[in-house]
Amino acid sequence: MSSYDLYERVLPGRALGGIRLAFYPGGSQFYIHSIHEILLYRTVEGAKSRFERHKFSYNPQFYQSWVEIDVTEAGFSADQFRVVCADYVEDTGLGRGDKLCHAKARYDRFLSLLSARVSPGQMSMEEVVQTLQTIDKHMIKCVDSYADREWK
């Protein structure tokens, strides 16, 4: 876990601050399995705007187009939520069922972004949803702890 960015650099959507966690399978420092980012905005409107403007991007050389994933049954508490996944292109050497998933969620003035590689040997779609549910529970606590604070 580390500070999201350097002091001199502007954070996405002019966020006040944030953190970025990268998870590496088996201790590898080269292959990132998943990334979770949390950004704090000055206002709810700023977080809403950034949620709407945040685009999921991919390289068509490696991924097929995004497919919306229905997670309504997961019971998320976020004010806004979206999950998409893209299958890897067959000739990438990855197995069938391997995909890249992205999730974005807005909790009041916070934006939570998750990127995860899904494959039979690494992480299943069920585990992605479980991870998002765990993040959801912790984000509610985070929002509650900042509820009374004003940002100028």
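Report follows, based on the coordinates.

Cut-offs used in this document
In this numbering scheme, every chain counts its residues from 1 along its sequence in written order. Two thresholds apply to this predicted model, a pLDDT of at least 70 for residue-level local features and 80 or more for giving and counting side-chain atom pairs, whereas whole-chain, interface and lining totals are computed over all residues. Computation of side-chain values covers all heavy atoms of the structure but excludes hydrogens and water. Definition used in this section: a nonpolar core is a set of buried Ala, Val, Leu, Ile, Met, Phe, Trp, Tyr and Cys residues joined via side-chain atoms within 4.5 Å. Buried, partly exposed and exposed residues are distinguished by accessible area as a fraction of the type maximum, computed with a 1.4 Å probe on protein chains only: under 20%, between the cut-offs, and over 50%, respectively. In DSSP terms, a helix is any run of H or I states spanning at least four residues, a strand is any run of E spanning at least two, and both are numbered starting from the N terminus. When two cysteine sulfur atoms are found within 2.5 Å, that pair is recorded as a disulfide. Should any heavy atoms of two residues lie within 4.5 Å, those residues are considered in contact. Pairing of aromatic side chains requires ring centres within 6.5 Å, counting the rings of Phe and Tyr and the six-membered ring of Trp. Pairs whose planes differ by under 30 degrees are stacked, by over 60 edge-to-face, and all others tilted.

## Some points on the nonpolar core
- One finds Tyr107, Phe110, Val128, Leu132 and Met139 to be the most contacted residues of the largest nonpolar core, which totals 22 residues.
- For this core, the secondary structure elements donating two or more residues are β3 (34-40), β5 (80-87), β6 (99-107), β7 (110-118) and α2 (125-146).
- The element best represented in this core is α2, accounting for five residues.

## Considerations on the state of the cysteines
- One pass over the structure, following the stated rule, counts one disulfide.
- Here Cys85 pairs with Cys101 through a disulfide, and the sulfurs are 2.0 Å apart. Here the disulfide of Cys85 and Cys101 is right-handed, its torsion about the S-S bond being about 105 degrees. You can see Cys85 sitting in strand β5 and its partner Cys101 sitting in strand β6, a full 16 residues away along the chain. In terms of burial, Cys85 and Cys101 fall into one category: buried.

## Points about the side chain of His54
- Within the fold, His54 resides in the loop between α1 (44-53) and β4 (67-68).
- By relative accessible area, His54 is classed as buried at 16%.
- Aside from chain neighbours lying at most four places away, what touches His54 is Lys104 and Leu113.

## Notes on the packing of aromatic side chains
- Here the structure, examined in full by the defined rule, presents two aromatic pairs.
- Residues Phe76 and Phe81 carry aromatic rings whose centres are separated by 4.2 Å and whose planes lie at 10 degrees to one another, so their mutual orientation is stacked.
- Residue classification places Phe76 among the buried positions, given a relative accessible area of 18%.

By themselves these figures say nothing about function.
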